[in-house]
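Here's the letter readout for the chains.
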Protein chains: 2
Amino acid sequence: MNALISGLPLGYRFRPTEEELLDYYLKKRIASERIDMDLIRDIDLYKIEPWDLQEIYGEDAREWYVFNKNNKKGSRICRSTAGGYWKETGKDKPIYSKQAGGRHQIGQRKILVFYKGRSSKGQRSEWIMHEYRRGATPQATKFTL
Amino acid sequence: MNALISGLPLGYRFRPTEEELLDYYLKKRIASERIDMDLIRDIDLYKIEPWDLQEIYGEDAREWYVFNKNNKKGSRICRSTAGGYWKETGKDKPIYSKQAGGRHQIGQRKILVFYKGRSSKGQRSEWIMHEYRRGATPQATKFTL
């Protein structure tokens, strides 16, 4: 996303902290406020494969940020794409704010791994999703490869 | 180091890749060329304690970049500070360039952990150093906490 800002020294990137992601960007998105320079875009993650992100953002990066909505089928959240599925790993982690002296929870993080292929027979890939929630949809999502 | 560039959207930081660090910044430093905005400063890491970095860079960060020289005592590299010592962990990792089609090694990375106290009795801290070399001193060093 560096391409959006010209004249920056080599090595400057959009690398928000978890707190900035939850308490600034996701808060703005939930309130439907505009995000500077579309730094984080709305993308339906279950309509694309993770490697499509490289094309969408047109960048030689290893980390991407998007807003995503839950893909609900009835009361169940469906995390399949055409070519595979996202599977939760580990436990949800509470994220705390460090501001104003106190320490209060501002959201939580879930980690998911992408598997190629169908349900229980999928092949684990190197694609990782960090899903940040403030309780409501949409979520802010960080991808890493 | 965000403080050096005003007007950037929240979340932009100096987070160079290993290749940028070795093949741009460290190469310039070895050639004694000027580094934009003193993004990476010369600091003798064995004359300070790692937590002094927070004061030197005056920033609420968790990651810092400095240039460092080997602290040699005779032929031996001494990695002690007044309050503790840096200890190697794991094996050196070769770093490759991805440019120009080919894949050639441009340097290596060593990881060190800071221990408080004296030699073998030290107490492991959460301070980590990534030391990047192109063969010669100085090295580019990334700290994380």
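This structure is a prediction, so every number in the text was calculated from the model and none was measured.

(A) Up close: the overall build of chain A. Along the backbone of chain A there are two helices and nine strands. Starting at the N terminus, the α and β elements of chain A follow one another as β-α-β-α-β-β-β-β-β-β-β. Whereas a compact globule of 145 residues would reach a radius of gyration of roughly 15 Å, chain A reaches 16 Å, a difference of no more than 12%. C-alpha atoms of chain A, sized along the principal axes, occupy 45 × 40 × 25 Å. Considering only contacts within chain A whose residues lie at least 6 apart along the sequence, 59% involve residues at least 24 apart. When the accessible area of chain A is evaluated, it comes to approximately 8000 Å², of which 46% is carbon and sulfur surface. A gap of 6 Å separates the mean positions of the 28 positive and 19 negative side-chain charges of chain A.

(B) Broad picture of helix α1 (residues 18-30) of chain A. For α1(A), every residue scored as buried is listed here: Glu19(A), Glu20(A), Leu21(A), Leu22(A), Tyr25(A), Leu26(A), Lys28(A) and Arg29(A). At the C-terminal side of α1(A), Ser32(A) shows a positive phi close to 55°.

(C) Highlighting the side chain of Thr81(B). Following the sequence through the fold, Thr81(B) ends up in the loop between β5 (76-77) and β6 (84-97). Setting aside anything within four residues of it in sequence, one finds Thr81(B) in contact with Leu45(B), Tyr46(B), Ile48(B), Glu49(B), Trp86(B), Phe114(B) and Arg118(B).

(D) Up close: the interface of chain B and chain A. Across the contact, 19 residues belong to chain B and 19 residues belong to chain A. Across the interface of chain B and chain A, roughly 1600 Å² is buried in total on both sides, 62% from carbon and sulfur atoms. Counting the contacts that link chain B with chain A gives two salt bridges. When the shortest N-O distance is used, the salt bridge between Arg13(B) and Glu20(A) registers 2.7 Å. There are nine residue pairs in polar contact (both at pLDDT 80 or more) connecting chain B and chain A.

(E) Spotlight on the pattern of salt bridges. Under the counting rule described, the total for this entry stands at 26 salt bridges over all chains. Arg79(B) is paired through a salt bridge with Glu131(B); the nearest N and O atoms lie 3.1 Å apart. Residue Arg79(B) is found in the loop between β5 and β6, and its partner Glu131(B) is found in strand β8 (residues 123-133); the two are separated by 52 residues along the sequence. In terms of burial, Arg79(B) and Glu131(B) fall into one category: buried. Of the charged contacts in the structure, one is a salt bridge between Lys110(B) and Glu88(B), with a shortest N-O distance of 3.3 Å. Note that Lys110(B) is positioned in strand β7 (residues 104-116) and Glu88(B) in strand β6, a separation of 22 residues in sequence. Among the charged side chains, a salt-bridge network with shared partners connects Arg15(A), Glu63(A) and Lys142(A).

(F) Up close: the relation of the copies chain B and chain A. With an RMSD of 0.0 Å, the fit of chain B onto chain A corresponds to turning through 180° and sliding 0.0 Å along the axis. Expressed as an axis order, the relation between the two copies is that of a two-fold axis. In terms of proximity to the rotation axis, the leading residue of chain B is Arg13(B), whose C-alpha is 2.8 Å off the axis.

(G) Broad picture of the sheet that holds strand β2 (residues 41-42) of chain A. In spatial order, the strands read β2-β3-β9-β8-β7-β6 (chain A); together these six strands make up an open sheet with mixed pairing. Two strands close off the open sheet at either side, each with one partner strand: β2 and β6 (84-97) of chain A.

(H) Just the sheet that holds strand β2 (residues 41-42) of chain B, in detail. Residues and elements named next belong to chain B. Ordered in space as β2-β3-β9-β8-β7-β6, the six strands form an open sheet in which the pairing is mixed. At either end of the open sheet lies a strand with only one pairing partner, and these are β2 and β6. The pairing of β8 with strand β9 (residues 139-144) spans five bridges and is antiparallel. Across the sheet, Met129 pairs through a bridge with Phe143, a residue of β9.

Calculation notes
- Residues numbered from 1 in each chain as written.
- Chains lettered and ligands numbered in written order.
- Predicted model: local features only at pLDDT ≥ 70, side-chain atom pairs only at ≥ 80, totals over all residues.
- Heavy atoms only, no water.
- Helix = DSSP H or I, 4+ residues; strand = E, 2+ residues; numbered from the N terminus.
- Rg over C-alpha atoms; globule rule 2.2 N^0.38 Å.
- Contact = heavy atoms within 4.5 Å.
- Areas by Shrake-Rupley, 256 points an atom, 1.4 Å probe, with all protein chains shown as cover.
- Lys, Arg positive; Asp, Glu negative; His and termini not counted.
- Charge placed at Lys NZ, Arg CZ, Asp CG, Glu CD.
- Buried < 20%, exposed > 50% of the residue type's maximum accessible area, 1.4 Å probe, protein only.
- Buried area = accessible area lost by both parts, 1.4 Å probe.
- Salt bridge = Lys/Arg side-chain N within 4 Å of Asp/Glu carboxyl O.
- Polar contact = N/O pair within 3.5 Å; in protein donor to acceptor, adjacent residues only side chain to side chain.
- Least-squares fit on C-alpha atoms with pLDDT ≥ 70 in both.
- Pairing = 2+ DSSP bridges.

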